Amino acid sequence: MGAKPPTRGSTPAPRPNHNDYRYIFREQICWFFLMGHSSMTKFYFDDENGRRSFELPGAKPHYNPDRPGQVEHIFLDLTLDIPNQSYQGTCKIRLNPIRNDIDRLTLDAVSLDIQSVKINETVQAFDYDGEQLHVRLEQPTQAGQPLELAIAYRVEKPQRGIYFITPDKHYPNKPTQVWTQGEDEDSRFWFPCFDYPGQLATSEIRVRVPKQFIAISNGELIQTEVDGNDKIFHWSQKEVHPTYLMTLAVGDFAELQDEWNGKPVTYYVEKGKEKEARLSMGKTPRMIAFFSEKFGYPYPYPKYAQVCVDDFIFGGMENTSTTLLTDRCLIDDRAALDNRSTESLVAHELAHQWFGDLVVIKHWSHAWLKEGMASYSEVMWTEHEYGPEDAAYYRLNEARNYLDEDASRYRRPIVTHVYREAIELYDRHLYEKGACVYHMIRAELGDALFLKAIATFVNDNAHKTVETVDLLRAIEKSTGRNLLFLFDQYVFRGGHPDYKVAYSWDGDSHLAKLTVTQNQAKENKNGSRSELFNLKIPIAFGYVGEKGGEKRNPPLLKTFTVRIHEREQSFYFPLEKKPDFISFDAGNHTLKTVSLEYPVPELKAQLQHDPDPLSRISATEALAKKGGLEAVKTLSEVLQQEPFWGVRVEIVKNLAKIKLDQAFEGLLAGLEDDDARVRRATIEALAAIKTNDSYKVLKPIAEKGDPSYYVEAAAIRALGSLAASNLVETKEEKTLKLLKSVLKERQGWNEVVRSGAIAALSQMKTSENALNLILEYTEPGIPQALRLEAIRALGTVSTGQTAVNLERILDRLTEFSRESFFLTQVSVVNALGQMETPKAIGILQSLADQTPDGRVRRIAEEAVQRVQRNVGTDKAVKQLREELDQLKKENQELKSRLENLEAKAKGASS
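Calculation rules
Residues numbered from 1 in each chain as written. Predicted model: local features only at pLDDT ≥ 70, side-chain atom pairs only at ≥ 80, totals over all residues. Heavy atoms only, no water. Helix = DSSP H or I, 4+ residues; strand = E, 2+ residues; numbered from the N terminus. Buried < 20%, exposed > 50% of the residue type's maximum accessible area, 1.4 Å probe, protein only. Areas by Shrake-Rupley, 256 points an atom, 1.4 Å probe, with all protein chains shown as cover. Pairing = 2+ DSSP bridges. Contact = heavy atoms within 4.5 Å. Axes fitted to C-alpha atoms, helices over the stretch in contact; angles between N-to-C directions. Phe/Tyr/Trp six-rings, centres within 6.5 Å; stacked < 30°, edge-to-face > 60°. Lys NZ or Arg CZ within 6 Å of the ring centre and 35° of its normal. Salt bridge = Lys/Arg side-chain N within 4 Å of Asp/Glu carboxyl O. Left-handed = near helix turned anticlockwise from the far one by under 90°. Nonpolar A, V, L, I, M, F, W, Y, C, P; charged D, E, K, R; others polar. Expected span 1.5 Å × (residues − 1). Arc of directions from axis to C-beta. Core = buried A, V, L, I, M, F, W, Y, C linked by side-chain atoms within 4.5 Å. pLDDT = per-residue confidence, 0-100. Polar contact = N/O pair within 3.5 Å; in protein donor to acceptor, adjacent residues only side chain to side chain. Parallel < 35°, antiparallel > 145°, perpendicular 65-115°, else oblique.

Draft legend 1. Molecular detail of the overall build of the chain. When its secondary structure is counted, the chain shows 28 helices and 37 strands. Every one of the 910 residues in the chain was classed for burial, and the buried ones make up 61%. If you sum the accessible surface of the chain, you get close to 35,200 Å²; carbon and sulfur atoms cover 47% of it.

Draft legend 2. Fine view of the sheet that holds strand β19 (residues 263-270). Taken in spatial order, the five strands line up as β18-β19-β20-β22-β21 in an open sheet, and their pairing is mixed. The open sheet terminates on both sides in strands that have one partner only, identified here as β18 (253-260) and β21 (316-317). Taken together, the eight bridges between β18 and β19 define a ladder with antiparallel strand orientation. The partner of Trp-260 across the bridge, within β19, is Lys-263. Contacts from helix α3 (residues 274-281) reach β18, β19, β20 (304-309) and β22 (322-326) within the one sheet, and its direction differs from that of β18 by about 35 degrees.

Draft legend 3. Focus on the packing of aromatic side chains. Inspection of every chain in the model, using the stated rule, returns 35 aromatic pairs. Consider the rings of Tyr-393 and Phe-644, whose centres lie 6.0 Å apart with planes at 85 degrees: the pair is edge-to-face. In this pair, Tyr-393 sits in helix α7 (residues 388-408) while Phe-644 sits in the loop between α14 (629-639) and α15 (645-655), placing the two residues 251 residues apart along the sequence. Exposure class is identical for Tyr-393 and Phe-644. Each is buried. Summarising the aromatic geometry, the rings of Tyr-426 and Tyr-431 are spaced 6.3 Å apart at their centres and angled 65 degrees between planes, so their arrangement reads as edge-to-face. According to the relative accessible area criterion, Tyr-431 is buried, its value standing at 0%. The aromatic ring of Tyr-171 is capped on one face by Lys-174, whose charged end is 5.1 Å from the ring centroid. Between Arg-493 and the ring centre of Phe-533, over which it is positioned, the NZ or CZ distance is 4.2 Å.

Draft legend 4. Examining the pattern of salt bridges more closely. Taken as a whole and judged by the stated rule, the model has 65 salt bridges. Notably, a salt bridge pairs Glu-72 with Arg-94, separated by 3.0 Å at the nearest N-O pair. Of this pair, Glu-72 sits in strand β3 (residues 69-81) while Arg-94 is found in strand β4 (residues 86-97), placing the two residues 22 residues apart along the sequence. For Glu-72, a relative accessible area of 24% corresponds to the partly exposed category. Ionic pairing is found between Asp-427 and Arg-412, a salt bridge with its closest N-O pair at 2.9 Å. In this pair, Asp-427 sits in the loop between β25 (418-419) and α8 (429-445) while Arg-412 sits in the loop between β24 (410-411) and β25, placing the two residues 15 residues apart along the sequence. A residue is classified by how much of its surface remains accessible, and Asp-427, at 0% relative accessible area, is buried. A residue is classified by how much of its surface remains accessible, and Arg-412, at 1% relative accessible area, is buried. Shared partners join several salt bridges into a network, and the residues in it are Arg-52, Glu-405, Arg-409, Arg-420, Glu-424, Arg-858, Glu-861 and Glu-862.

Draft legend 5. Structural context of the packing of helix α23 (residues 784-798) against helix α24 (residues 803-816). Where α23 contacts α24, the two axes come as close as 10 Å, and the packing angle between them is 145 degrees. At the point where α23 passes α24, the crossing takes the left-handed sense. Of α24, the residues touching α23 (which contributes Arg-787, Ile-791, Leu-794, Val-797 and Ser-798) are Leu-806, Ile-809, Arg-812, Leu-813 and Phe-816. Looking at the contact of α23 with α24 residue by residue, the classes come out as seven nonpolar, one polar and two charged.

Draft legend 6. Region of interest: the sheet that holds strand β9 (residues 132-136). Read across the sheet, three strands follow the order β5-β9-β8 without closing on themselves; strand pairing throughout is antiparallel. Only two strands of the sheet have a single partner each, and these edge strands are β5 (104-108) and β8 (125-128). Averaged over all neighbouring strand pairs, the angle between strand axes comes to 20 degrees, with direction disregarded.

Draft legend 7. The arrangement of α24 in detail. For α24, with 14 residues, the first-to-last C-alpha span of 20 Å sits near the 20 Å given by 1.5 Å per residue. Of all the positions in α24, only Asn-805, Leu-806, Ile-809, Leu-810, Arg-812, Leu-813 and Phe-816 are classed as buried. All buried residues of α24 project into a common sector of 165 degrees when viewed along the axis, lining one side. Turned more than 90 degrees from where α24 packs its buried face, Ala-803, Val-804 and Asp-811 sit exposed. In the core, the buried residues of α24 are packed alongside α22 (768-776), α23, α25 (822-833) and α26 (839-850).

Draft legend 8. A look at the nonpolar core. Trp-368, Tyr-438, Ile-441 and Phe-584 are the most contacted members of the largest nonpolar core, which has 273 residues in total. Among the elements that make up this core, the one with the highest residue count is helix α19 (residues 709-723) (ten residues). When near neighbours in sequence (up to four residues on either side) are disregarded, Phe-584 contacts Tyr-499, Val-501, Leu-514, Val-516, Ile-537, Pro-538, Ile-539, Ile-564, Lys-592, Val-594, Leu-596 and Tyr-598.

Draft legend 9. Spatial organisation of the environment of Phe-581. With respect to the secondary-structure elements, Phe-581 resides in strand β36 (residues 581-584). Using a relative accessible area of 0% as the deciding quantity, one classes Phe-581 as buried. For the pair formed by Phe-581 and Asp-610, sequence separation is 29 residues and the distance between their alpha carbons is 7.8 Å.

Draft legend 10. Quick look at unusual backbone geometry. A cis amide bond, omega 5 degrees, links Glu-183 with the succeeding residue Asp-184. Relative to the helices and strands, Asp-184 resides in the loop between β12 (177-180) and β13 (201-210). Phi at Glu-121 is positive, roughly 75 degrees, even though this residue is not glycine. Within the fold, Glu-121 resides in the loop between β6 (113-119) and β7 (122-123).

Draft legend 11. Structural detail: the confidence of the model for the chain. For the chain, per-residue confidence averages 91 on the pLDDT scale, and residues scoring 70 or more make up 90% of the total. Per-residue pLDDT stays below 50 along residues 3-46; that stretch engages in 201 contacts with residues further than four places along the chain or on separate chains.

Draft legend 12. Molecular detail of the side chain of Arg-812. Within the secondary structure layout, Arg-812 lies in helix α24. Only 3.4 Å separates the side chain of Arg-812 from the backbone oxygen of Leu-775, close enough to count as a polar contact. In this structure, Arg-812 is in contact with Leu-775, Thr-778, Glu-779 and Leu-794, ignoring residues within four places of it in sequence.

Draft legend 13. Representation of the pairing of β12 in the model. Here β12 shows two buried faces, one formed by Gln-177 and Trp-179 and the other by Val-178 and Thr-180. One ladder, built from four bridges, connects strand β11 (residues 162-165) with β12; its direction is antiparallel. Across the sheet, Ile-165 pairs through a bridge with Gln-177, a residue of β12.

Draft legend 14. Main features of helix α21 (residues 752-763). Given a rise of 1.5 Å per residue, twelve residues ought to cover 16 Å, and the 17 Å separating the end C-alpha atoms of α21 matches this to within 8%. Taking burial as the measure, the twelve residues of α21 include eleven buried ones, the bulk of the element. By the burial criterion, the buried members of α21 are Val-752, Val-753, Arg-754, Ser-755, Gly-756, Ala-757, Ile-758, Ala-759, Ala-760, Leu-761 and Ser-762.

Draft legend 15. Quick look at the packing of helix α6 (residues 368-386) against α7. As a packed pair, α6 and α7 sit with axes 7 Å apart at the nearest point and diverge in direction by 155 degrees. Our classification of the angle between α6 and α7 gives roughly antiparallel. Remark: the crossing between α6 and α7 carries right-handed chirality. Contacts between α6 and α7 involve Ser-375, Glu-378, Val-379, Thr-382, Glu-383 and Tyr-386 from the first element and Pro-388, Asp-390, Ala-391, Tyr-394, Arg-395 and Glu-398 from the second.

Draft legend 16. How the structure looks around the pairing of β3. Across twelve bridges, β3 lies against β4 in antiparallel orientation. Along β4, the bridge assignment pairs Val-71 with Leu-95. Where β3 meets β13, seven bridges bridge the pair, whose relative direction is parallel. Looking across to β13, one finds that His-73 is bridged to Thr-202.

Have a look at this one:
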């Protein structure tokens, strides 16, 4: 889905900024609210490694139902009553029976008012239980003789599937809109259908709306007519697609036109947002050209529309030829400085027009085929538009997001048909790990054969349904390669290799020795090893010495490929001379975690000279882990020399992990970086160094701002964290005064800056004044993005409040838990999951029992387990933590002095 939890490296992902679009709305995934916390608990059904099982109680195998026949066409003829949030109409389904003597049809239809059922104009008896419509056929079917099923029905105030957005007393300026959302199995909530992806049919939607509105749907607009105060739009989708991709969007939109190869490319946005529409979606025609070439199949539909709608519960949805997007993806000039999230979203949803819409999954268990490729298409577009280093770093963060879910939430095979609801599959295994698997296929085949295999897969299966085996068949057909070994290890089972790599040099024998250990492998009772991976890994030895009087640039690389398949293996490489650096998994194409145990000189050379940015990042992490003044000096110097912004971001993150005062000085250069993403990372790193110096450096940025929304918000957020620290001498009143002024004066795009102030307040956990200010911004009427941030902040601030204030927080969250808006429910779960009181559990359980949404139900159940763990954290433990922080500070000061003395002593002796 299109989008957006969100990826799709060896270090855990940082906590996402709630105002970073990519993490807020990565398709239909809002797990990020939970994924950002390190305090994930053990759950019931933990495996032997302490991971919670993906399969919750109630999970069971799911299969597509038996088919009574082939659905050939679906025609919806609807009349909307927008003021009353209702509609009525007829759903006609042409079905070609697959066998004789079927006397009953069962359709999915939830909370619909079924008025009549006819087949070929003959009234049929039916039974309806509120979830399924059972039609008793007057005449049993005859194979090959199509029948037309006509169902007249009404819907009032629907809760899912179709959404009526209208102004209310809290939000009087909200636009009037109607939009649908079908994935995974929500189309049944707005029309009766055979609601699973294995049925493909053409479709039509004819809809009557007030004439001031535009109605957009799949395919081509074949007719419009005005009838009094109404206007009737008639859309026809001539290419087959599943029910979950049928869509309708209605509103008073501005309509902007582009084109690709004569086909209209249209953007629909709220009037007044035309400039933002061009800025956000203007690259679409070039993207269509790019993916048409990459996938070896021209864009397959008569038009491509993108409709930005209000209160969209996800980031985007790739309905056939008509993608719906949240209006929060619309960026302004300032956001465009360092926000590529919208561009990635647009690429992701567009790629689905091939992977998901043209080639349709047969069952939800194979959804990685489309979601993994759509996520990997973000990487490919980044490579095309910004270069290979940006693409590699994007891919690293895709991997990190999967690794974080694997480590802190659960491990599962990408392909599994055991779950409670299909939407549970839409996680970071599906998106980000799926993207990494596609990249590994590319690395295994090479670019030319990879594109040939993809083109074969698309062309052979266009307008058909597929399973994972069909991708394997396309690869073998087009390249002769059998990649089942890769799929067995990465798709059909969970996990990834966790390598430890040790290096030494034997100067007498001129041999480089690498010992590689698979840390994830466990010894079974019978002595065998489980979870071993069997992969070929390239290892490069780099030389950066002088040659012919000139420095070799790029460095000379001597590469060997080894097969790593045992728990521990040692490899010996004959070399003419000692290498300057070693690059394990040269190119970093393998999805893995890795710990490098190299000497400092080799790590320094790797950081300074390895042509692969991901290898330089690995060296950065290994140097920081070693610590010491030499590591600080090297990272500080390279920070000012490194050409790629992504590596500079990682340098500042890792500098902050070295507990020496000199690291602070090294970080300051990052505040002057031309790239806003580096400045932002530097601020977040300085916020982790809880000293008065950090506060003094960041306070002017928070006060004066920055060209980047995100940098400014990071500085404001950091002040709250520093002000709350017992290691920083600052007055709460001054910080509160600044935060109040930010909340009153700095409204802007997507509430990024003001949300930073709310996040800052949430860190001041013992302040009643901070809590009171947060509570003000949880009231209905506050802009939605800011209100959701404030609701989440109640959980963070709760852990230091008095018993009376804790009750105030619980009362407010109980009230909010009754709201039906999906994102409000997720924010409430996020807040409650951070709390340290058993009273939060009852609210969570009530929400899990009452919500109609499977994702909310699951994360609420997970949050219950986390609270149960949090409750065990008492004040004594908190006090010990505070004392430990103080000891760490004192130890850091002593260590810094010692490092300085040693450095001076070395200088004197030389």
